[in-house]
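Descriptive analysis of the structure
Here are the chains, one letter per residue:
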Amino acid sequence: MTRSINGDAIDAVLAAAVERGAVPHVAAIVADADGVFYEGGAGVRIQGESEDPVTTWTQFRIMSMTKMVATTCALQQKERGELDFAAPIEEYVPEWADVQVLDGWDGDTPRLRAPATKATVHQLVTHTTGLGYWFWNEDLVRFEAATGTPNVVPGSMDAFKAPLTTDPGTAFVYGINTDWLGRVVEAVAGATLDVVVKEHVTEPLGMHDTMFRLDAGRTEKLVTVHVPGDGGWTSAGEILNQEPDWWAGGHGLYSTPRDYIRFERALLRGGELDGTRILHQETVDDAFRSQIGDIPFPEEIPTADPATTDTLHVGPGWTWGYGLMINTQDVPGRRRAGSGAWAGLFNTHFWVDRTTGICASIYTNSLPFITENDAWRTYGEFEEAVYAAL
């Protein structure tokens, strides 16, 4: 039986966040193995343009919350014996052999060299190849400016010309690994990633509002990305390319809180939902335990692009599994040790707490990401209100 709680305090957190201008709008949802037991929203879809209230049926760009969906497709291929995580990436995507390490600068010219070892599929899944993101790496900001190489958001294949920032297997560097992983999945499946995700994750789980390109009807329910403006938030419109060269396993999906909670519940239930199994229990257990060995998870990742993101401060006691950031210690008043979580660049966030038996997510579409007193504070207040209500 789905539990019941008094959600008034959670409602108050969402309303206060919009009222003080921390977020332009917000929706949130909480569930257990049996179903949803809280959902709420505050604010409107498009500041100054739409009076439509944001709800758990509203469409959001979920950005890096796409990563666990794409990772699930790779894990399914691993279960079927189709994908070897220990294999070099270039066995599946030969273009990987051209990727080099950024080893310094000669004036304004990047100095590149071959990696010390061949990167593996496992390292793609665990962000240990050395690939980064420009917004958390000053050298990549400089590399893109010097070479004209685009980041991944515009959807150009040229984004795959980005170099490694370290040798494979030497550090956790959060980056475009899952975009490359999506290409591996496509090579194994002999189909494009949108087809693989639909056939093996979203359609089996009844996630009919989760896709890489929205139709006209769903676009009418979509929020826009908001950025700080004169005295408040202003709409920046659509940021993602609607006709990209490739479907981005790292950030390309649109979804609704109501849809994505079904995926979270499947993870909570050990890979099954409503009689449909998408992963084996053993695979889910692996996803929720550290897969990076002795490589430390950074306690802080400084921003290299403040307009896009703040510095990420997580502190000690975190690691990375398969597609999930894992806390190795209880967070007082919040999630228990062994919970899996991640977020999206436009300020969406989810976690799955298998010890407490709940999963939850919170959504807005705004930049910068995780600003300390705005979206990041709202995440924390929401989570604290959830656990206080249990």
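Starting from 1, residues in each chain are numbered consecutively following that chain's sequence as written. The model is predicted, so local features are restricted to residues of pLDDT at least 70 and side-chain atom pairs to those at 80 or more, both for listing and for counting; the totals for chains, interfaces and linings are taken over all residues. Side-chain numbers here rest on the full set of heavy atoms in the structure, without hydrogens or water.

What to know about the pairing of strand S17 (residues 358-363)
Under the convention used in this document: Throughout this description, buried means an accessible area under 20% of the type-specific maximum (1.4 Å probe, protein chains only), exposed means over 50%, and partly exposed covers the range between. The secondary structure listing takes helices from DSSP runs of H or I that are at least 4 residues long and strands from runs of E that are at least 2 residues long, numbered from the N terminus. Any two strands between which DSSP finds at least two bridges are classified as paired.
The buried count for S17 comes to six of six residues, which makes it a mostly enclosed element. Side chains of S17 alternate between two faces, with Ile358, Ala360 and Ile362 and Cys359, Ser361 and Tyr363 buried alike. As defined by bridge partners, strand S1 (residues 25-32) adjoins S17 across six bridges and the pair is classed as antiparallel. Within S17, the position partnered with Ala31 by the bridge is Cys359. Alignment of strand S16 (residues 348-353) against S17, held across six bridges, turns out to be antiparallel. Residue pairing across strands places Phe350 opposite Ser361, the latter belonging to S17. Where S16 folds back on S17, the antiparallel hairpin that results is connected by four residues, among which Gly357 adopts a positive phi of roughly 85°.

Considerations on the nonpolar core
Our working rule: Among buried residues, those of type Ala, Val, Leu, Ile, Met, Phe, Trp, Tyr and Cys that are joined through side-chain atoms within 4.5 Å constitute a nonpolar core. When checking whether two residues touch, look at their non-hydrogen atoms; a contact exists if any pair is within 4.5 Å.
Of all hydrophobic cores here, the largest spans 120 residues; its most connected members are Trp96, Trp180, Tyr260, Phe263 and Phe382. The contact partners of Trp180, leaving out residues within four places of it in the chain, are Val93, Glu95, Trp96, Val99, Leu124, Leu131 and Phe160.

Section: helix H8 (residues 257-268)
The test is simple: A helix is expected to span 1.5 Å for every residue after the first.
Along its 12 residues, H8 runs 16 Å from first to last C-alpha, staying within 8% of the 16 Å computed at 1.5 Å per residue. Along H8, the residues that are buried comprise Pro257, Asp259, Tyr260, Ile261, Phe263, Glu264, Arg265, Ala266, Leu267 and Leu268. After H8 finishes, the residue Gly270 shows a positive phi value of roughly 80°.

Observations regarding helix H6 (residues 193-202)
In an α-helix, one full turn covers 3.6 residues, which means residues spaced three or four apart are oriented alike. Quick reminder of the rule: To be clear, the arc concerns the directions from the helix axis to the C-beta atoms.
Those residues of H6 that fall on the buried side of the exposure criterion are Leu193, Val196, Val197, Val201 and Thr202. Down the axis, H6 shows its buried residues gathered within 140° of arc, on one side only. Those residues of H6 that are buried are in contact with helix H2 (66-79), helix H5 (177-189) and H8.

Looking at the pattern of salt bridges
Oppositely charged side chains may form a pair once their charged atoms are brought near each other. Formally: The rule for a salt bridge is simple: a side-chain nitrogen of Lys or Arg has to be within 4 Å of a carboxyl oxygen of Asp or Glu.
One pass over the structure, following the stated rule, counts 24 salt bridges. With a closest N to O distance of 2.8 Å, Arg335 and Glu383 form a salt bridge. Taken as a pair, Arg335 in the loop between strand S14 (325-327) and strand S15 (340-344) and Glu383 in helix H10 (residues 375-389) lie far apart in primary sequence, 48 residues in all. Judged by its relative accessible area of 4%, Arg335 falls in the buried class. The partner of Arg377 in a salt bridge is Glu381, with the nearest N and O atoms 2.8 Å apart. You can see Arg377 and its partner Glu381 sitting in helix H10, four residues apart, about one turn around the helix.

Describing the side chain of Thr308
As for its position among the elements, Thr308 is in the loop between strand S11 (300-301) and strand S12 (312-313). Each residue touching Thr308, except ones within four places of it in the same chain, is listed here: Trp134, Phe135, Leu345, Leu367, Pro368 and Phe369.

Describing the packing of aromatic side chains
Selection rule: For this analysis, a ring pair means two rings from Phe, Tyr or Trp (six-membered ring only for Trp) whose centres lie within 6.5 Å, classed as stacked if their planes differ by under 30 degrees, edge-to-face if by over 60, and tilted for the remaining angles. Counting as a charge over the ring demands two things of the Lys NZ or Arg CZ atom: a distance within 6 Å of the ring centre and an angle within 35 degrees of the ring normal.
Tallied over the entire structure, the rule returns 24 aromatic pairs. Measuring from centroid to centroid gives 6.3 Å for Tyr133 and Trp134, while their planes differ by 80°, and the two rings are edge-to-face. For the residue pair Tyr133 and Trp134, the accessibility class agrees, reading buried in each case. What links up through ring pairs into an aromatic cluster is the set Tyr133, Trp134, Phe135, Trp136, Phe172, Tyr174, Phe297, Trp320, Trp342 and Phe369. The ring of Trp105 has Arg142 sitting right over it, with the charged end atom 4.1 Å from the ring centre. Geometry around Trp180 places Arg183 over its ring, the cationic atom sitting 4.9 Å from the centre.

Let's talk about the sheet that holds S17
Going by this rule: Working convention: axes come from line fits to C-alpha atoms, limited for helices to the stretch in contact. Angles between N-to-C directions cover 0 to 180 degrees.
Judged by pairing direction, the sheet is antiparallel, and its seven strands sit side by side in the order S2-S1-S17-S16-S15-S14-S13 without closing on themselves. Each having just a single partner strand, strand S2 (35-43) and strand S13 (318-320) make up the two edges of the open sheet. Here the strands of the sheet are splayed against their neighbours by 20° on average, with no regard to which way each runs. When S14 meets S15, the two strands line up antiparallel, connected through two bridges. Bridge assignment links Ile326 to a residue of S15, and that residue is Gly340. H8 rests against S1, S2, S16 and S17 of the sheet, and its axis sits at about 150° to S17.

Quick word on the packing of helix H1 (residues 8-19) against H10
Put simply, the rule reads: For classification, angles of less than 35 degrees are called roughly parallel, those exceeding 145 degrees roughly antiparallel, those between 65 and 115 degrees roughly perpendicular, and all remaining angles oblique. Three residue categories are used. Nonpolar comprises Ala, Val, Leu, Ile, Met, Phe, Trp, Tyr, Cys and Pro, charged comprises Asp, Glu, Lys and Arg, and polar comprises the others, including Gly.
As a packed pair, H1 and H10 sit with axes 8 Å apart at the nearest point and diverge in direction by 170°. By the angle between their axes, H1 is roughly antiparallel relative to H10. Between H1 and H10, the residues in contact are Ala9, Ile10, Val13, Leu14 and Ala17 and Thr378, Glu381, Phe382, Ala385 and Val386, respectively. A breakdown of the residues in the contact of H1 with H10 according to their chemical character gives eight nonpolar, one polar and one charged.

Describing the environment of Pro94
Of note, Pro94 is situated in the loop between H2 and strand S4 (101-106). With a relative accessible area of 55%, Pro94 lands in the exposed category. Each C-alpha atom, one on Pro94 and one on Val184, is 9.9 Å from the other, the two residues being 90 residues apart in sequence.

Some details on the environment of Gly237
In this fold, Gly237 is placed in the loop between strand S7 (232-235) and strand S8 (254-255). Along the primary structure Gly237 and Thr224 are separated by 13 residues, whereas in three dimensions their C-alpha atoms are 5.1 Å apart. Ignoring any residue separated from it by four or fewer positions in sequence, one finds Gly237 in contact with Arg61, Thr224 and Val225.

Shape is all these values report; function is a separate question.
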